[in-house]
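Observations on the model geometry
Chain by chain, the residues run as shown.
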Amino acid sequence: MNTAPTTYAIRVDGHLNDHWSAWLGELDLTRDDDGTTTLTVSVADQAQLHGVLAGLRDIGAVLTELRTTGTPAPICPSVLERPLQTERLTLRPATAADADPTWAFRQLESINEWLTGCPANLEGYRELFSKPARLATTVIVTLGHDPEAPTIGDFMLRREDAWAQLDVADQARDTQAELGWVLDPAFTGHGYATEAVRELLRYCFEDLGVRRVTANCFLGNDTSWRLMERVGMRREVHAVRESLHRSGRWLDTVGYAILEQEWSPA
Ligand SMILES: CC(C)(COP(=O)(O)OP(=O)(O)OC[C@H]1O[C@@H](n2cnc3c(N)ncnc32)[C@H](O)[C@@H]1OP(=O)(O)O)[C@@H](O)C(=O)NCCC(=O)NCCS
């Protein structure tokens, strides 16, 4: 699905030199009187915007504002600042165009059984999938490194504040992350989810700098908690008959976590 280009104004601290405009992809650059620089960029999809933001991060620019010009809509940058590659997979930020391929497997009863829910039709699913906050926390997994590679799963990566007492709440901000996953059943049994989660753990600890990563599932979803154990997560919680399943049964759930010092690169 092609979307009309959106124009963003990105404000950073300090005055950037003109040569950074070319380096970042020929952006309009205005040095403002208040000592900041505003860059204007028109992009057709979120991936392009993420490329610019990653470029700014690479040159050490401190982002102070990101807004669309002319519209007050909130901007939710993806938690994944750039695409990641593993031996067999590419992990990239989601765009609205990823709704249709993920609907193909998310609508299956065997998948939906373990998930919070799925709208009854593709139209409703597209609307839900395209919400800025949902896109910002969705990671698309494709098989191979080709731009046309097939989508085999969509994972969740959500950065969170840890619980903290009020007087130290600032220090707990963005210190942990939660992971979730859905793999197309046509691609299970090959270790792809394990490979993707290992890379997301690396990204969480090395790139985002979080101190703890968590994941949860129903106890009956053994493929999911076995995945958590394969990547080195520890079972921390077994809650008894805690969550209501749409079957009408109250089900046990399990919670897993891994700390930065427990994690080791594969
Ligand atoms: C949870 C889910 C992602 C796990 O998928 P999966 O295919 O079992 O996980 P992996 O891709 O890591 O593959 C592991 C399997 O492949 C095998 N495997 C083959 N090659 C492998 C390799 N190179 N590395 C690791 N495992 C490999 C493993 O032995 C394992 O098989 P087993 O379960 O029979 O022992 C998938 O079942 C799913 O999407 N479920 C529905 C959605 C869901 O429940 N989401 C979680 C909601 S909380």
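Residues numbered from 1 in each chain as written. Predicted model: local features only at pLDDT ≥ 70, side-chain atom pairs only at ≥ 80, totals over all residues. Heavy atoms only, no water.

1. Quick look at the domain arrangement of the protein chain
Convention followed: Residue ranges for the domains trace back to a domain assignment, done automatically or taken from a database.
Along its sequence, the protein chain is organised into domain 1 (6-68) and domain 2 (84-262). One C-alpha centre belongs to domain 1, the other to domain 2, and the line joining them spans 30 Å.

2. Observations concerning the state of the cysteines
Operational definition: Throughout, disulfides are identified as pairs of cysteine sulfur atoms within 2.5 Å of each other. The cut-offs for exposure are 20% and 50% of the maximum accessible area for each residue type, with area from a 1.4 Å probe on protein chains only; residues under the lower value are buried, those over the upper are exposed, and the others partly exposed.
Summed over the entire model, instances satisfying the criterion amount to 0 disulfides. Looking at Cys-118, it has no disulfide partner, and the nearest cysteine sulfur is the one in Cys-217, 19 Å off. Judged by relative accessible area, Cys-118 falls into the partly exposed class, the value being 23%. Residue Cys-217 stays outside any disulfide, its sulfur separated by 18 Å from that of Cys-204, the closest cysteine.

3. Notes on helix H8 (residues 222-230)
Each turn of an α-helix holds 3.6 residues, which means side chains three or four residues apart point in the same direction. Applicable threshold: To qualify as a helix, a DSSP run of H or I must reach at least 4 residues; to qualify as a strand, a run of E must reach at least 2; elements of each kind are numbered from the N terminus. This arc is built from the directions going out from the helix axis to the C-beta atoms. By definition in these notes, contact holds between two residues if any of their heavy atoms fall within 4.5 Å.
Every buried residue of H8 is accounted for by Ser-224, Trp-225, Leu-227 and Met-228. The arc that holds the buried residues of H8, viewed along the axis, is 150°, so those residues lie on one side. Contacts from the buried residues of H8 go to strand S9 (176-183), helix H7 (192-208), strand S10 (212-218), strand S11 (234-244) and strand S12 (250-259).

4. With respect to the pattern of salt bridges
Quick note on the threshold: A carboxyl oxygen of Asp or Glu within 4 Å of a side-chain nitrogen of Lys or Arg is what we treat as a salt bridge.
Taken as a whole and judged by the stated rule, the model has 20 salt bridges. Between Arg-106 and Asp-154 there is a salt bridge whose closest N-O contact spans 2.8 Å. Taken together, the positions of Arg-106 in helix H3 (residues 99-106) and Asp-154 in strand S8 (residues 151-160) put the pair 48 residues apart, joining distant regions of the chain. Each member of the pair, Arg-106 as well as Asp-154, is classed as buried. Residues joined in a network through salt bridges with shared partners are Arg-82, Glu-199, Arg-202, Glu-206 and Asp-207.

5. Some points on the sheet that holds S12
Going by this rule: Pairing between strands is defined by DSSP: at least two bridges between them are needed. Simply put, an axis is a line fit to the C-alpha atoms, just over the touching stretch for a helix, and the angle between two N-to-C directions goes from 0 to 180 degrees.
Pairing within the open sheet is mixed, and its 8 strands lie in the order S5-S6-S7-S8-S9-S10-S12-S11. Each edge of the open sheet carries a strand with a single partner, namely strand S5 (84-85) and S11. The pairing of S8 with S9 spans 8 bridges and is antiparallel. By the bridge assignment, Leu-157 is partnered in S9 with Leu-179. The sheet strands contacting H8 are S9, S10, S11 and S12, and the helix crosses S10 at an angle near 155°.

6. Considerations on the sheet that holds strand S3 (residues 36-43)
Strand order in the open sheet formed by 4 strands is S2-S3-S1-S4, and the pairing between neighbours is antiparallel. Looking along the sheet, the strands with just one partner apiece sit at the ends: strand S2 (28-31) and strand S4 (63-68). Across the sheet, the mean angle separating the axes of adjacent strands is 20° when strand polarity is ignored. Across 4 bridges, the pairing between S2 and S3 is antiparallel. When the bridges of S3 are listed, Thr-30 appears paired with Thr-38. Each of strand S1 (6-13), S3 and S4 is contacted by helix H2 (residues 46-58), which is oriented at about 10° to S1, the strand it contacts most.

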